[in-house]
Every structure is written in structure tokens, then in C-alpha cells.
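Chain by chain, the residues:
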Amino acid sequence: MSSLTGLSATEIARRVGGRDVSAEEVARAHLDRIAETDGRIDAFLLVAADRALEKARRVDADIAAGGASLPLAGVPVAVKDLLHIEGLPTTCGSRILDGYRPPFTATAVARLEAAGAIVLGKTNMDEFAMGSSTENSAFKPTRNPWARDRVPGGSSGGSAAAVASGMAPVALGSDTGGSIRQPAALCGVVGLKPTYGRVSRYGLVAFASSLDQVGPFGRSVEDVARMAEVLCGWDPMDATSARMEVHRFASGLDGRARGLRFGVPWRFLSAGVDEGIMAAFRSAIDALRSAGAEVVDVELPHVSHAIATYYIVATAEASSNLARYDGVRYGRRAGGPGDAKRPPAQGASAGSTPAPAKDHARHLKRMYGETRDRGFGPEVKRRIILGTFVLSAGYYDAYYLRAQKVRTLIRRDFEQAFAVSDVIATPTSPIPAFRFGEKTSDPLQMYLADIFTVPANLAGIPGLSLPCGFADGLPAGLQLIGRPFDEATLLRAGHAYQSLTTHHLARPPL
């Protein structure tokens, strides 16, 4: 990497703000890095070079004019392709949104740009954020920078890989069941899922509305904390946005583990975890204990049901959210413009003979079916079908309602655990990055890769993944889970661990 692409986001903002280097120079360096590297990784679906350089020149002009302070001045950022940016395509990794360009920008992206950040482009992802490997993208798989025959995790695999490979110092992703934290762990970077409601979801294409949350990737906890300061805060455009005070997260990073209480649910970790991952996790806990942190045992008796609960709640919400993709309003329509299979217009031109109502209904039904059949991939179809089933008459009470009750029990488990701990520690993923195709034939095995991450989404609480070593030469992740709206303590705990180790400084051999 060049001297500029090797800098942290914190250092870039300091240098650009101090006029030691221009935002345009930083943007060009990262665009050059993408040009030379992404052919081997495929992290990006779109590189918006002209737009990025134009924004960078505006930042330089604002700084030269002595304008308002820009906390992320000149910081390049990669954006997961389910966050809208006005004028740029949003595909969600799906063919069904081919050609769609949103007329507005997501609040999370707008806030970053207002703070001086420079969007480099849109990153690859599992289709509609459904997957744990980025193999479900309709366009291409993204490769793990540490081993290109391995997956980067998902669904935000493109964003994680872009940060790990030095193409961007920070990135945006979304986390519905671990889609920030799991790829962060598999790619050896830091990823934060804030508390549900902390970051606006306005302009985020919904997968499961009660679980989705926007969050940042970075190469250090400090960079992620500075991103979170900008991202968090109430948004009147999002009804689920919380009116909570936003702390100066970065100013609370003192690097001290002493006085922090780390709860470990050892019984939950007793089976199914790769030996190398578990060894790295134990070493992380030992390092924290040696630095003066208190390590306590906690019980989470209902989290063993988290995967089943999550895949009922998430698929039910997905089946509802994805009903809007029907070929009528936006995105792809089966056959394309002018296709003879399109339904006749309701108001036919003068001299034409309106089709009978039955013919119209038949054509419309066929258009819906063909649009969704051609536009959606197999994993999305699987989840729509499952979600429709659990919401259907006769099964709602047996599945969806029961899952919501278990979700409440999981939330109560965390409340009790936080009575004796400040943060809860687990491995992020039970396994290191796996090979392409290794789990696609068995969806249940793929789903189990999220066993440690989905509980935080069900409970609506924040989670942080950070590098904690290696297993078989591949990155291992330490997950820390915090109290609701207590990202300050969560980030302080993560920074305390990073102050004890150098795992986050390791770079893939590209």
C-alpha cells in the first residue's frame, strides 16, 4: 500500500484538516489502490471515481476557506450497496434492481459526507443482505484478502474486504444477524453494530425491519468510534430512530482494561467452536484478565434458541418487505421495456380495445411471477417462502408468535447478564473463513455461522467484533456485546483490548 492508503481514518482527517495533504490526493491514492487490487478481490460493484474526486475538491475548498470543522475530512469510505446515494445505482446485489437509481441519499451516507468523508463507491453483498459469505450476490463473489479461495463472510463481505485490503480505511455495512461483525471477523478488521435505533435506517433497503442496523467497519476501534460519532443520532425521517444523546465515543478510549467487567457465557461456548478460534478467544480473555479486567461467568440460557428464532422473525419480515419488488414500480420487469408480456395499460389509447378483466389479471399475475422468478436468487426465494409460511393462517401462532416470545426471553437473559458485567465476550464466528462452495449445499450449516451474532440483533443491543489472532492462518474475531445505547463502554472495552495486542495491525499479503 502507498503511504496514504496505509493511514488510518483518524490520521487522514488530521492531515487533511491540517492541510498537510489534500482530500483529492487521498482520494486519488485510494482509487489507484482499487484499480490495482480489486481485480483480485471483487469488493466493489461500482467505483464512483468522478463523483469522489469532485467531493474531495469541495472538501479541500471548504478547508481552504476556513469553514466549519470536518471530523472526517477527506476520509475515503466504501458503502454497502443497499444504502441509497442519489444518482448512483442501488442493486442490493440483486438482478431485480437492475437499472434502479434512487432519487435521494440515505441519512447515514449524508451524515458522513457532511462530515467530510468521500464515498469511493458501492460494495458487493449477499443479495438483499441474505447470506453469510457474499456468495449469494447476483453479480460475483467477493474474495477474502487473506486467502482468495475463501469467503469474506457476509452479507457485508464487500465492505469488509475493501477495508482489509487497503482500498478504503473505513466502510459502511448493515447488520441484521451479524452481517457487519461476521465478515469483520473473517477479514481481520473491526466492525460495529450499534444499538437498534442508534443510526438512521432511512435510505437503507430493508431486509428485516426490526433487526437491521447500519454500522461502520474500520481497521481500529478508534476509527470505528469516530465514524459512530457522526453516524449516530436521531433522524426525523426514521420512525425507529431513538432520541438519545450521542457521546464523543473516541474521547473515552483510554486504553485501560482495569475496572471493566467482561462476562463470558462459557456454557454457550462449550461445543461447536473451531479449536483455533477457541484458542484465540481464550488468549484474548487471558490478556484482558492480566491487564486488570475482571472476568466473570454469565448464563444466557435461551440463546441456544437464537438461530431458530432469528430465522423465523427475519424471514417473516423479509417476505413482507420484499413483496414490493413486483416489476411495477421500479427495478427490473420481466422481459424489459416494451416486452409483449407486460400487462395491458389500464387506460388504453383511443381506438384500442381494452383487454377483458380476466386477461388483464392473468397477464399481471404472469408478470409478477416472471419478474420475481428471474430477479431473485435461490436464497432470497427460500427465505420468502419460509417467511410466508410462518406468517400463514394456522402457523402464525405456532411459529412467529412463539419466536417473538423467545426473543423476549433472550433480551431478558442479557439484562440479567449485564447486572454483573459491563460487556459480554464471545468469539464472533465459530469458524474461520471457509472455502467457496463449502456450505452452499447445506443452508443450515451456513446459518449456524451466525450463532454468536444473532442474539444481539434479537435483543437490539450493540455488538463489536475485533481481531484477536489467527486460526490456521486465517483471522479470528473477538465479539463484545454491550448494554443498550452504551456504545461508549463497548468501544472503550474494545480499545482496551487493542491496546494490549497488535492483531489489528496485521495486513493480508496482497
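Each remark here, short or long, concerns the structure printed above.
Residues numbered from 1 in each chain as written. Predicted model: local features only at pLDDT ≥ 70, side-chain atom pairs only at ≥ 80, totals over all residues. Heavy atoms only, no water.

Peer 1: Could you clarify how one ought to interpret a nonpolar patch on the surface in this entry?
Peer 2: A cluster of nonpolar side chains, namely L386, F389, Y395 and Y399, defines an oily patch on the protein surface of about 340 Å² accessible area. Tracing the sequence through the fold places Y399 in helix 12 (residues 396-417). (Patch = residues over 30% accessible without salt bridge, like charges linked within 9 Å, V, L, I, M, F, W, Y side chains within 5 Å. Areas by Shrake-Rupley, 256 points an atom, 1.4 Å probe, with all protein chains shown as cover. Salt bridge = Lys/Arg side-chain N within 4 Å of Asp/Glu carboxyl O. Helix = DSSP H or I, 4+ residues; strand = E, 2+ residues; numbered from the N terminus.)

Peer 1: What is the right way to read the side chain of N144 from this model?
Peer 2: Residue placement: N144 occurs in the loop between strand 3 (118-123) and helix 5 (157-164). Using a relative accessible area of 0% as the deciding quantity, one classes N144 as buried. Among the polar contacts listed, one links the side chain of N144 to the backbone nitrogen of W146, at a separation of 2.9 Å. (Buried < 20%, exposed > 50% of the residue type's maximum accessible area, 1.4 Å probe, protein only. Polar contact = N/O pair within 3.5 Å; in protein donor to acceptor, adjacent residues only side chain to side chain.)

Peer 1: Please explain the nonpolar core as it appears in this structure.
Peer 2: Most often, soluble globular proteins have nonpolar side chains that are buried together. Grouped together as the largest cluster of nonpolar side chains are 150 residues, with contacts concentrated most on V16, L83, L112, F128, L172, F414 and L491. Setting aside chain neighbours within four positions, we find L491 in contact with L192, V221, V224, A225, F249, L253 and L464. Formed by six residues, the second largest nonpolar core is a distinct cluster that contains V151, A433, F434 and M446. (Core = buried A, V, L, I, M, F, W, Y, C linked by side-chain atoms within 4.5 Å. Contact = heavy atoms within 4.5 Å.)

Peer 1: Just to check I follow, could you spell out empty space enclosed by the protein for this structure?
Peer 2: The gaps of empty space that remain are located by a probe, the size of a water molecule, rolled over the atoms. Scanning all chains against the criterion turns up four cavities of 30 Å³ or more. One number sums up the size of the largest cavity: a volume of about 60 Å³. Residue lining of the largest cavity: 13 residues in total, with G131, S132, S179, Y310 and D450 positioned closest to the centre. Taken together, the residues that form the lining of the largest cavity break down as four nonpolar, seven polar and two charged. (1 Å grid on protein atoms, 1.4 Å probe; cavity = no way out; pocket = protein on both sides within 12 Å on 5 of 7 lines; lining within 4 Å. Points joined across faces, edges and corners; volume = space filled by probe spheres on them. Nonpolar A, V, L, I, M, F, W, Y, C, P; charged D, E, K, R; others polar.)

Peer 1: Mind showing me how you'd approach the packing of helix 2 (residues 23-41) against helix 3 (residues 49-64) here?
Peer 2: When two helices pack together, their arrangement is given by the angle between the helix axes and the distance between those axes. Across the interface, helix 2 lies against helix 3 with an axial gap of 7 Å and an inter-helix angle of 155 degrees. Between helix 2 and helix 3, the angle falls in the class roughly antiparallel. The element helix 2 and its partner helix 3 pack so that their crossing is right-handed. Seen from helix 2, the contacting residues are A23, E24, A27, R28 and L31; seen from helix 3, they are A49, L53, A56, R57, V59 and D60. (Axes fitted to C-alpha atoms, helices over the stretch in contact; angles between N-to-C directions. Parallel < 35°, antiparallel > 145°, perpendicular 65-115°, else oblique. Left-handed = near helix turned anticlockwise from the far one by under 90°.)

Peer 1: Explain the layout of surface pockets to me, please; I cannot follow it from the model alone.
Peer 2: Size it by volume and the largest pocket reaches roughly 250 Å³. Contributing to the lining of the largest pocket are 16 residues, with R201, L204, V205, A206 and R324 lying nearest its centre. Of the residues in the lining of the largest pocket, the class split is ten nonpolar, three polar and three charged.

Peer 1: Hey, could you run me through the sheet that holds strand 10 (residues 463-471) in this one?
Peer 2: Backbone hydrogen bonds hold the strands of a sheet together, and the pairing may be parallel or antiparallel. The strand order across the open sheet formed by eleven strands is 1-3-2-4-6-5-10-11-9-7-8, and the pairing between neighbours is mixed. Both outer strands of the open sheet, strand 1 (44-47) and strand 8 (294-297), are each paired with one neighbouring strand and no more. Neighbour-to-neighbour, the strand axes of the sheet open up by a mean angle of 30 degrees, direction not taken into account. With three bridges joining them, strand 1 and strand 3 adopt antiparallel strand pairing. (Pairing = 2+ DSSP bridges.)

Peer 1: Can you help me understand the pairing of strand 3 in this one?
Peer 2: The side chains of a regular strand alternate between both faces of the sheet. With six of six residues buried, strand 3 lies mostly within the body of the structure. Relative to strand 3, strand 2 (residues 76-80) runs parallel, the two being bridged by five bridges. The residue bridging V79 from the neighbouring strand is K122, located in strand 3. Crossover strand 2 to strand 3 through helix 4 (residues 107-114) is right-handed. (Right-handed = clockwise from strand over helix to strand, strands pointing away.)

Peer 1: For this particular structure, what's the right way to read unusual backbone geometry?
Peer 2: The bulk of non-glycine residues show a negative phi, and the bulk of peptide bonds are trans. Following G154, the chain continues to S155 via a peptide bond in cis, the omega torsion being 5 degrees. When you line up the elements, S155 lands in the loop between strand 3 and helix 5. Even without being glycine, F128 reaches a positive phi, approximately 50 degrees. Relative to the elements of secondary structure, F128 occurs in the loop between strand 3 and helix 5. The phi dihedral of A129 is positive, around 65 degrees, even though this residue is not glycine. With respect to the secondary-structure elements, A129 resides in the loop between strand 3 and helix 5.

Peer 1: When you look at helix 11 (residues 378-391) in this model, what are you seeing that I'm missing?
Peer 2: Its 14 residues place the ends of helix 11 20 Å apart at the C-alpha level, agreeing with the 20 Å of an ideal helix rising 1.5 Å per residue. Listed as buried for helix 11 are E379, V380, R383, I384, G387 and V390. Looking straight down helix 11, one finds that the buried residues subtend no more than 135 degrees of arc, so they occupy a single side. Across from the buried face of helix 11, at angles greater than 90 degrees, the exposed residues are P378 and I385. (Expected span 1.5 Å × (residues − 1). Arc of directions from axis to C-beta.)

Peer 1: Can you help me understand the packing of aromatic side chains in this one?
Peer 2: Between two aromatic rings, the relevant description is the distance of the centres plus the angle of the planes. Scanning the model with the defined rule gives 16 aromatic pairs in all. Residues Y396 and Y400 carry aromatic rings whose centres are separated by 5.3 Å and whose planes lie at 45 degrees to one another, so their mutual orientation is tilted. Remark: Y400 and Y396 occur in helix 12; sequence separation between them is four residues, near one turn of the helix. Members of the aromatic cluster, each reached through a chain of ring pairs, are Y100, F128, Y325, Y330 and F376. Sitting over the ring of W234, R243 keeps its end group 3.7 Å from the ring centre. Sitting over the ring of F434, K439 keeps its end group 5.5 Å from the ring centre. (Phe/Tyr/Trp six-rings, centres within 6.5 Å; stacked < 30°, edge-to-face > 60°. Lys NZ or Arg CZ within 6 Å of the ring centre and 35° of its normal.)

Peer 1: Can you help me understand the environment of V189 in this one?
Peer 2: By the secondary structure assignment, V189 is in the loop between helix 6 (181-187) and strand 5 (190-193). For the pair V189 and E229, spaced 40 residues apart in sequence, the C-alpha to C-alpha distance is 19 Å. Those residues within four positions of V189 in sequence are excluded, and the remaining contacts are A160, V163, A164, A184, F217, G218, S465, L466 and P467.

Peer 1: Is there a simple way to explain the packing of helix 7 (residues 221-231) against helix 15 (residues 487-498) in this structure?
Peer 2: Orientation of helix 7 relative to helix 15, taken along the N-to-C sense of each, is 160 degrees, at an axis distance of 9 Å. Taken together, helix 7 and helix 15 sit at an angle that is classed as roughly antiparallel. For the pair helix 7 and helix 15, the crossing hand works out as left-handed. Contacts between helix 7 and helix 15 involve V221, V224 and A225 from the first element and L491, G494, H495 and Q498 from the second.

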